[in-house]
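Below are the chains, spelled out letter by letter.
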Amino acid sequence: MGLAVRKRADVEKIVDQAAAGFRENLAATVQDFRAREQEAAGMVARLEGQTFGIKQTTETLTVLVSTAGMRMDAIEERHRNICAEFSCAAQRPAETPDGE
C-alpha cells in the first residue's frame, strides 16, 4: 500500500504544480487582456475626438461651399446685368457731346 500512496502523492504533486502553472498563465493572460482593453478604450476615445473634429470640419466646409455657390450666383447675375446694359447701350445711338 505504501507504493500506491506514494504514487498518488506524486500524481497530486504533479497536478498541483500543473494547476499552479495554469493559474499563473491565466493570471498573466487576464492581465494582458486588461491592458489591451485599456489601450483599446484609449484608441476609441481618440477616434471619437477625431470623428467629432472631422464632423465639425465637414459642417464648416458645407457652409463655405454653400456661401461660395451663392456668391457665384450673385456674380453671374451681376455679369448678366452688365452684359445686358452694354448690349442695350450698343443698340442706342451714340450721343454727341453737344447734345445732338
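Now for a description of the structure that goes with this document. Keep in mind the model is a prediction, meaning the values are calculated, not measured. (Residues numbered from 1 in each chain as written. Predicted model: local features only at pLDDT ≥ 70, side-chain atom pairs only at ≥ 80, totals over all residues. Heavy atoms only, no water.)

## Here we look at the overall build of the chain
Logical step 1: The secondary structure content of the chain amounts to 1 helix and 0 strands.
Logical step 2: Scored against the burial criterion, the 100 residues of the chain give a buried share of 0%.
Logical step 3: Total accessible area on the chain stands at roughly 9400 Å², and carbon and sulfur atoms take up 61% of it. (Helix = DSSP H or I, 4+ residues; strand = E, 2+ residues; numbered from the N terminus. Buried < 20%, exposed > 50% of the residue type's maximum accessible area, 1.4 Å probe, protein only. Areas by Shrake-Rupley, 256 points an atom, 1.4 Å probe, with all protein chains shown as cover.)

## Focus on a nonpolar patch on the surface
Logical step 1: Taken together, the side chains of Phe22, Leu26 and Val30 present a nonpolar region at the surface, about 270 Å² in accessible area.
Logical step 2: With respect to the secondary-structure elements, Phe22 resides in helix H1 (residues 2-91). (Patch = residues over 30% accessible without salt bridge, like charges linked within 9 Å, V, L, I, M, F, W, Y side chains within 5 Å. Salt bridge = Lys/Arg side-chain N within 4 Å of Asp/Glu carboxyl O.)

## Description of the pattern of salt bridges
Logical step 1: In total, this model carries 3 salt bridges according to the counting rule given.
Logical step 2: Arg36 is the salt-bridge partner of Asp32, the closest N and O atoms lying 3.2 Å from each other. Here Arg36 and Asp32 lie together in helix H1, a separation of 4 residues that amounts to about one turn.
Logical step 3: The exposure class of Asp32 is partly exposed, given its relative accessible area of 34%.
Logical step 4: According to the relative accessible area criterion, Arg36 is exposed, its value standing at 51%.
Logical step 5: In this structure, Glu77 and Arg80 form a salt bridge, with 2.7 Å as the shortest nitrogen-oxygen distance. Taken together, the residues Glu77 and Arg80, both in helix H1 and 3 residues apart, mark about one turn of the helix.
Logical step 6: Look at Glu77 and you get partly exposed, because its relative accessible area is 37%.

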